[in-house]
Amino acid sequence: MQPEFWHKKWESNQIGFHQPEVNPYLQRHWPDLAIPAQARVLVPLCGKSLDLLWLAGRGHRVLGVELSEKAVEDFFREQQLQPQISEEGSFKVYRAGAIELWCGDFFSLTAADVAGCTALYDRAAVIALPQAMRERYAAHLQGLLPTCRGLLVTLDYDQSQMPGPPFSVDDAEVQRLLGSAWRVEMLEEQDILGDSWKFVQAGVTRLEERVYRICGE
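Residues numbered from 1 in each chain as written. Predicted model: local features only at pLDDT ≥ 70, side-chain atom pairs only at ≥ 80, totals over all residues. Heavy atoms only, no water.

Chemist: Go over the pairing of strand β5 (residues 99-103), please, and point to the residues and values.
Modeler: Across the five residues of β5, five count as buried, placing the element largely inside the fold. Residues Ile99, Leu101 and Cys103 line one face of β5 and the alternating positions Glu100 and Trp102 line the opposite face, and both faces are buried. Here five bridges tie strand β2 (residues 61-66) to β5, and the two strands are oriented parallel to one another. Bridging across to β5, Val62 finds its partner in Ile99. Here strand β4 (residues 91-96) folds back onto β5 in antiparallel fashion, the turn holding two residues, of which Gly97 has a positive phi close to 60 degrees. (Buried < 20%, exposed > 50% of the residue type's maximum accessible area, 1.4 Å probe, protein only. Helix = DSSP H or I, 4+ residues; strand = E, 2+ residues; numbered from the N terminus. Pairing = 2+ DSSP bridges.)

Structure representation (structure tokens):
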């Protein structure tokens, strides 16, 4: 999957993956992780998610990574924040208060870039990537954050019934991708097919959303 795919999605406003409210799983499960208020949180493929604001509101320093410059600029404009903009290696970095969004290729991120990050929130990254890229993503993520706590949200459905994204990532794959380096525990599973008209229209007959606690020490 090439960067142009996501650039076109944002330019044409085909962003059904964007949630117009804070993710309820985040609100329900994040407090139980007991992550210190001042912890720095990495949010891969963050888009313009309102979850960034929620995390910052809990006292966290938030480092979002996003390929689309339009998504980053939309976030700050819609939240009426005036960012300071700088260049960090191959990234264009927007900073305002506790939130910094790094615009560029996630795979170009280095351990030095995320120094101090001890928490992770992945609602839309792993399910945005086809299988080969998921393998690369998981390996890169674990290299960046050998020590962390956080949440992962996935979707599971019959991939033959609809092409991604979002892609299906079942429990066995989650455990295989992340379980060798981190402790991975499923916290919640929901049947959301009835609330997902796009999937119903495509002929999908089963759709589960899962939330995992991850811990690397």
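The structure having been displayed, the exposition proceeds.
Chemist: Talk me through the pattern of salt bridges; I want residue IDs and the actual numbers.
Modeler: In total, this model carries 17 salt bridges according to the counting rule given. Residues Lys48 and Glu78 are paired through a salt bridge, measuring 2.8 Å at the closest nitrogen-oxygen approach. One end of the pair, Lys48, is in the loop between β1 (40-44) and α3 (51-57); the other, Glu78, is in helix α4 (residues 69-78), with 30 residues separating them in the sequence. In this structure Glu78 comes out as partly exposed when scored by relative accessible area, which is 37%. Taken together, the salt bridges that share partners define one network made up of Lys48, Lys70, Asp74, Arg77 and Glu78. (Salt bridge = Lys/Arg side-chain N within 4 Å of Asp/Glu carboxyl O.)

Chemist: Which residues make up helix α6 (residues 171-178), and what values go with them?
Modeler: Those residues of α6 lying buried are Glu173, Val174, Leu177 and Leu178. All buried residues of α6 fall inside an arc of 105 degrees around its axis, so they share one side. Next to the buried residues of α6 lie α5 (131-144), β7 (148-156), β8 (183-191) and β9 (208-216). (Arc of directions from axis to C-beta. Contact = heavy atoms within 4.5 Å.)

Chemist: So what's going on with the pairing of strand β3 (residues 84-88)? Residues and values would help.
Modeler: Note that β3 and β4 share five bridges and pair antiparallel. The residue bridging Glu88 from the neighbouring strand is Phe91, located in β4. Hairpin connection from β3 to β4: two residues lie between these consecutive antiparallel strands, with Gly89 at a positive phi of about 60 degrees.

These figures capture arrangement, not role.
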